[in-house]
Structures are given as C-alpha cells and as structure tokens.
Amino acid sequence: MDQSHIRNFCIIAHVDHGKSTLADRILEATGAVSPREMQEQLLDTMELERERGITIKMTAVRLYYKAKDGQVYQFNLIDTPGHVDFTYEVSRSLAACEGALLVVDAAQGVEAQTLANVNLAYQNNLEIVPIINKIDLPAADPERVKEEIENVLAIDASEAILASAKTGVGIEQIMEAIVQRIPPPSGDPNAPLRALIFDSKFDTYLGVICYVRVVDGQIKPGQRIRFMSTGKEFEVLEVGTFTPERQPGEMLATGEVGYLAAGIKTIGDARVGDTITDATRPAQEPLPGYRTAKPMVFCGLYPVDGADYTDLRDALAKLQLNDAALSFEPETSAALGFGFRCGFLGLLHMDVVQERLEREFNLNLIATSPSVVYKVYRTDGTVVDVDNPAHMPPPTTIDHIEEPYVAATILTPKEYVGPIMELCRERRGEFVHMEYPAPDRVLLKYDIPLGEILMDFFDQLKSRTRGYASFDYELAGYRESKLVKIDILMNGDPVDALSFITHRDKAYERARQIVEKLKEVVPRQQFEVRIQAAIGGKIIAAESVKPLRKNVTAKCYGGDITRKRKLLEKQKEGKKRMKQVGSIELPQEAFLSVLKIG
Ligand code: GTP
C-alpha cells in the first residue's frame, strides 16, 4: 500500500473509559468482523484480561477503511496496556504510531492515567485526537470535560469528537478524523531496515513472534536480520499481519505494522523496544528509547504442598516464555521450605502472575508480602541489592540504605485533598506540587517511597476518597532512608518469611499493628501461640493467641450473623492455604498481613 494511505494509531484512556468498546466499534465499522461473530472486546485476548477488564498484553490489528474521499486506507490499530505497571510497554507501542485517539469518559473526566498516557504520547510526538465518550450517560457533562482536557492536558478540545462507543454515535466522525488528522508514516523505503519491536509473544509452532513497526526499509521471509541490542542474528521465516487472525504475507513495507517469526527460542532475545535491522546491510543507529523492563517488586512463591515444587518451576518457566519482565530464582525459607523469589514490574503484574499460576496450572501457593529492592551500602565499601528482607545484612555491617522512590500524580475532587495529604504523609510522601486545573479538581504531586505504595496505598486512596481519586506514578530513583528490619517470632522462633523492612520512625507502630493483625489471622491451636516483633533481638511488640477451646465461633464472635458468616467464609478460604510452620499452622493472610497495616 502507498505509504500516504497508511495510518498507525492507538487508543489511550484511563481504565474503564471505553477503550476496548471503541476498538470493537472501529473493527465493526471497517468490516473486519461482523457484529454477529464478534466476541465482545476482541482485542483483549486473555481470559483473565477479560474478567479483570484490564488490557495487559497488547495486540495490533490491520483494517481497511474506505473513506469519504473514495480512497481506501490501511489502518493499523495498536492496543496498549492501560496500567502503570506497564508504562514502558505503553511507551513502546505509542512509539510505533503516528497518532492516538484519546478517550475520556464524559461523566468521569480526565483521570491520572489519562494524564500519564497523554504525556507519553507527547514524548512520542503523536497527533492526539480527543474523544469524549459515553455521551449517552445521563451524568455526561461534555462541556466540563472539554474544559478539563484543555486545562489538565493542554490539548485544544474545540475539535473533540463527542461519541458513544455503546450506541455508535460519533464513530463515523472518528474514522474520518483518523484519515484526516493523523499523519501517514514518514520512513525511508530505501534506507537500511529499522523495525521497532513493540511486543513479543511465544508460539509453540513458530517460536517467538515479534510485533513490529517497520520504520525504514522492509522485511521479507528469507531475509537475515539482526537484533541491535544483542547483536543476535536470525533468518526471517514468516511475516504477516493480524486481521485480527494471524495472516502470513509477502512482506512488511515501510510504515507498516505486523509480525515476524524467525525461529527465535527465547523471548529474552526479542525484547520489547529493541530495533531489528538487516544483517547484511545494517542501520547505523538503533531507534531511540530501548531499555530492558526491570522487575521492581519481589515476593516469594511457595507451593503449599512441597511435592508441587517442580510443577511450580515448570509453570514459571512457561509463563516466562511470554513475559520477559518476569524473573524467578530458587529460594529457600526456613519457614516455608523450597520456593522461588519472583520479580515483577509492579503489584498488578504480580497479582496477574499469581492468579495465572493458580488458575491455569492448578497450583496452590503461598505468597510472601512483596518487597522492593533496597541498595545496602556496607561499612566495607561494598553495595548489595536486597530484594528479600530476610537477607538484610546484620545492622552492624551496614553504613546506610537507599530505597526506591516514585513520583506520584493524584487527581481528585477538591473535598478529598485533606484525606489524601494525610495518607501521603503517613506513607512518608514528600509534597512536591499542587494545582487546580479545573473548578473543583485538584492535581497533587508527591514523591513517595515505592515500598509504602506496595502496602495497600491504592486501596486506601480509593476508600478515603470514595473511589473518586485516581493515581499514577513513575519511578524516580533511589534515596537514602533510615530503615530497619523487623523480625516476627512465633513462640520464640523467627519466621523468616514474615520479616519486613520499614522506616525507623514507624517501626514501633508497624510492629504493634502487625502483631495485632497476626493475632486476628493466626488460628487457635491446641497450645498458646506467642507472637512477637523484634529489631535485632530486642522485642518491641507482643501478643498471644489463646489455646483452642470448644465452640469457638459461638463464644468469640457473638451475635452478629453477617460478621460471623464473613469470618467463617474467610476461614474456609484460609483453610485451603495453610502452611505448617514449625508446630503452627499459618494461613496465607498471615504472610500478607504486613500489607494491610496503616
Ligand atoms: P480497560 O480495558 O480496563 O482499560 O477499560 P476500557 O477503557 O477498555 O473500557 P471498556 O471498553 O471495557 O468499557 C468500560 C465500561 O464502560 C464497559 O462496561 C462498557 O460497556 C462501558 N462503555 C464503554 N463505552 C460506553 C459508552 O459510550 N456509553 C456507555 N453508557 N457505556 C460505555
């Protein structure tokens, strides 16, 4: 296809503002799928994704659209993951486009992820087409939303398209805007090949499938290609496009989006963000912006039944085939036995991996509470990365410790500014900036330790603002902090999987909170269980769980039937995931109790 008739674009939006629904309407409007055969929300392919309503792994679809000018255009619609954990992947898929449809919910207005995604789109020089979606809702207020788009995002909203992805209003206008407002790709067909990998996936038959955007030159089967970050070379076996099924083709030309397979065995050889060039006529410079996505959050995963250890290892290896950002290595815990230390991009990534392990591989797991990576500077001048609190060197050998910080952006109606500032203060956040982008709306910027965000920050934010505040963050480097390790002892024995790291000023409070929490979740045993928290041998908090007596429920939980039922359900849930630690049976909640404090 003539390069001037190609349009590469993506849709950016805050969660639930209607990105997938709009993508479906665009697919329908181009006849790529008939409404009948259309499975709802085709772009989200994983079952888990559909259930959770979040886009985790992106896809690219090629469509043909006959515009009002009578010409046929090739549309490449690239799906982007919407969550903060996947910022780097979002940024690479944006780099494969010339334009972005910006979807904003007509009732909700601009949210933190809208802002984060628009910033990424700007960095990639994309033409942004604002769309105000869900105008069919009674609560829709397009004029207010236009004002927010102008004030918060600094985008001219006078030409914003009013649409409803549900009823189909505005869809035709959107199709024409893609043709008229988004520029065609500008690469050089005669220059040496440069193609950006914006996603990769493992296929049992073809090996790794790279999703690419050809920037210069072209790719054909039989061609010898080189990955510029690693220097590895392969021969192209197949190229093609998604319609949305995979469809092999003869070549991918300059400006086009599609896939290639080259018998690549490991996903680590085809990293998102890398540049592919021609091995016989290589480009001088790779495309800008490559970096490897590094795990930021670690936790231990242990099979409840030790016999499942090899199954867990195989399952992790399988997931890793499709997920270059997932890392794991064997780990032993005195309390939990043999398991794996796993690294994730963030909390959502961690949740998704755990859920897939349990659901798709039928594993029963205990997860320890997540930890960030601390940089520990020792008195002998060496520096170690510690991603497991149990491995913190003894205090006397430590000179100082640094922890990762994030730059957080929070958007909220103004009545919640007080509670949000209080929450950020409790989490050791440093106030950076505040502005009023629209009447009644406030934008807050804070620097907060990543470790504090892991402890249910998001849930707290939602509950303290009744769901109205939205939040996004990016990593902002390491800073020195006065941190201490707290050990938890059960009947005098330290349980390594329960130790955690916290700020010195918070140590007493958090220690007290966690022993109280543990007292709630540790089931009664035949004997008394003493729970203690200690810093380097010094006990700073203690509680005990009384031994079992008959008729526990009736006695302890009294008359409130709903509360009783809730507790019983909780216990039933807990039953499935009990782990024998010494002589004490501990439920999964015990290992996550550090997350639920504060
Ligand atoms: P993520 O995949 O989680 O990022 O969400 P999304 O932005 O793709 O949103 P999705 O398309 O899943 O839509 C979220 C909800 O809004 C769904 O329940 C849709 O049915 C609904 N929705 C989408 N567009 C419209 C619209 O124009 N009007 C109304 N009333 N509802 C809509």
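Residues numbered from 1 in each chain as written. Predicted model: local features only at pLDDT ≥ 70, side-chain atom pairs only at ≥ 80, totals over all residues. Heavy atoms only, no water.

1. Overview of the overall build of the protein
Selection rule: Runs of H or I in DSSP of at least four residues are treated as helices and runs of E of at least two as strands, each being numbered from the N terminus. Relative accessibility thresholds used throughout: buried, under 20% of the residue-type maximum; exposed, over 50%; partly exposed, between the two (1.4 Å probe, protein chains only). For this analysis, residues touch if any pair of their heavy atoms sits within 4.5 Å. The Shrake-Rupley method, run with a 1.4 Å probe sphere, supplies the accessible areas, and residue values consider only the shown protein chains as cover.
A count of helices and strands for the protein gives 15 helices and 31 strands. Burial statistics for the protein: of 598 residues in total, 55% are counted as buried. For the protein, the share of sequence-separated contacts (at least 6 apart) that also reach a separation of at least 24 residues comes to 69%. Working note: accessible area of the protein is about 26200 Å², and carbon and sulfur atoms make up 49% of it.

2. Observations regarding empty space enclosed by the protein
Filter applied, for reference: The way it works is a 1 Å grid over only the protein atoms, where trapped points that fit a 1.4 Å probe form a cavity and open points with protein on both sides within 12 Å along at least five of seven lines form a pocket, and then any residue with an atom within 4 Å of a point lines it. Grid points are joined across faces, edges and corners, and a volume is the space filled by probe spheres set on the points. Gly is put with the polar residues, along with every residue not named as nonpolar or charged; the nonpolar set is Ala, Val, Leu, Ile, Met, Phe, Trp, Tyr, Cys and Pro, and the charged set is Asp, Glu, Lys and Arg. What marks off one domain from the next here is an automatic or database domain assignment.
The final tally for this structure, using the stated rule, is 2 cavities of 30 Å³ or more. As a volume, the largest cavity reaches approximately 230 Å³. Looking at the largest cavity, it is lined by 20 residues, and the ones nearest its centre are Pro-370, Tyr-374, Gly-451, Met-455 and Ile-501. Elements represented by at least two residues in the lining of the largest cavity include exactly helix 10 (450-454) and strand 27 (500-503). Classifying every residue of the lining of the largest cavity gives 11 nonpolar, 5 polar and 4 charged. Both domains that meet at the lining of the largest cavity, namely domain 4 (375-481) and domain 5 (488-494 + 503-596), each give it at least three residues. Partitioning the lining of the second largest cavity into residue classes produces 7 nonpolar, 3 polar and 5 charged.

3. Focus on the side chain of Thr-502
As a reminder, the rule being used: Two N or O atoms count as a polar contact when they lie within 3.5 Å, although within protein this holds only if one can serve as hydrogen donor and the other as acceptor, and sequence-adjacent residues are included solely when both atoms are side-chain atoms.
Looking at the element boundaries, Thr-502 is found in strand 27. Residue class for Thr-502 comes out buried when judged on its relative accessible area of 3%. Only 3.2 Å separates the side chain of Thr-502 from the side chain of Arg-510, close enough to count as a polar contact. When residues no more than four places from it in sequence are discounted, the contact partners of Thr-502 are Lys-482, Leu-483, Val-484, Ile-486, Ala-507 and Arg-510.

4. Focus: the confidence of the model for the protein
Heads up, the rule is: pLDDT is defined as a per-residue confidence score from the predictor, taking values between 0 and 100.
Averaged over all residues, the pLDDT of the protein is 86; the fraction at 70 or higher stands at 89%. Below a pLDDT of 50 lies the segment residues 52-58, which in the model reaches 36 contacts outside its immediate sequence neighbourhood of four places, other chains included. Overall, residues 554-559 carries pLDDT values under 50, and its contacts beyond four positions in sequence, including any with other chains, amount to 7 contacts. The complex model carries a pTM of 0.77, and its ipTM stands at 0.96.

5. Quick notes on the sheet that holds strand 9 (residues 224-227)
Sheet strands associate in pairs through backbone hydrogen bonding, adopting either a parallel or an antiparallel arrangement. For the record, the criterion: Pairing between two strands is assigned when DSSP locates at least 2 bridges connecting them. Note on geometry: axes are lines fitted to C-alpha atoms, helical ones only across the stretch in contact, with angles between N-to-C directions running from 0 to 180 degrees.
Taken in spatial order, the 8 strands make up an open sheet running 10-9-14-7-8-13-11-12, and their pairing is antiparallel. If you trace the sheet from one side to the other, it starts and ends with strand 10 (233-235) and strand 12 (246-249), each paired once. Averaged over all neighbouring strand pairs, the angle between strand axes comes to 40 degrees, with direction disregarded. Taken together, the 5 bridges between strand 8 (residues 207-216) and strand 13 (residues 257-261) define a ladder with antiparallel strand orientation. Each bridged residue has a counterpart across the sheet, and for Val-212 the counterpart in strand 13 is Gly-258.

6. Considering the domain arrangement of the protein
Assigned domains of the protein: these are domain 1 (3-181), domain 2 (194-278), domain 3 (299-368), domain 4 (375-481) and domain 5 (488-494 + 503-596). For domain 3 and domain 4, the distance between their C-alpha centroids amounts to 26 Å.

7. Concerning the packing of helix 1 (residues 19-29) against helix 6 (residues 171-181)
Threshold: Angular relationships are summarised with four words: roughly parallel below 35 degrees, roughly antiparallel beyond 145, roughly perpendicular across 65 to 115, and oblique for the angles in between.
Contact geometry for helix 1 and helix 6: axes closest at 10 Å, N-to-C directions at 80 degrees. By the angle between their axes, helix 1 is roughly perpendicular relative to helix 6. Where helix 1 abuts helix 6, its residues Leu-22, Arg-25, Ile-26 and Ala-29 lie against Ile-171, Ile-174 and Met-175. Class assignment of the residues belonging to the contact of helix 1 with helix 6 gives a composition of 6 nonpolar, no polar and 1 charged.

8. Digging into helix 5 (residues 142-153)
Here is the rule we go by: Multiplying one less than the number of residues by 1.5 Å gives the expected span of a helix. The reported arc concerns the directions from the helix axis to the C-beta atoms and nothing else.
The terminal C-alpha atoms of helix 5, which comprises 12 residues, lie 15 Å apart, in line with the 16 Å expected from a rise of 1.5 Å per residue. Those residues of helix 5 lying buried are Val-145, Glu-148, Ile-149, Val-152 and Leu-153. Seen end-on, helix 5 carries its buried residues on one side only, within an arc spanning 105 degrees. Where helix 5 is buried, its residues meet strand 4 (99-105), helix 4 (112-123), strand 5 (127-133), strand 21 (398-413), strand 22 (430-438) and strand 23 (441-449). Residue Ala-154 follows helix 5 closely and has a positive phi angle near 55 degrees.

9. A few points about the UniProt feature "binding site: GTP" (unreviewed entry) in the protein
Our working rule: UniProt positions are given in the numbering used here, feature names are shortened, and annotations may be inferred rather than shown by experiment.
Within this structure's numbering, the places UniProt gives as "binding site: GTP" (unreviewed entry) are Asp-16, His-17, Gly-18, Lys-19, Ser-20, Thr-21, Asn-133, Lys-134, Ile-135 and Asp-136. Within the fold, Asp-16 resides in the loop between strand 1 (6-13) and helix 1. We classify Asp-16 as exposed; its relative accessible area is 59%. With residues near it in sequence (within four places) discarded, Asp-16 still touches Asp-105 and Lys-134. In this fold, Asp-136 is placed in the loop between strand 5 and helix 5. The residues contacting Asp-136, other than those within four sequence positions of it, are Ser-164, Lys-166 and Thr-167.

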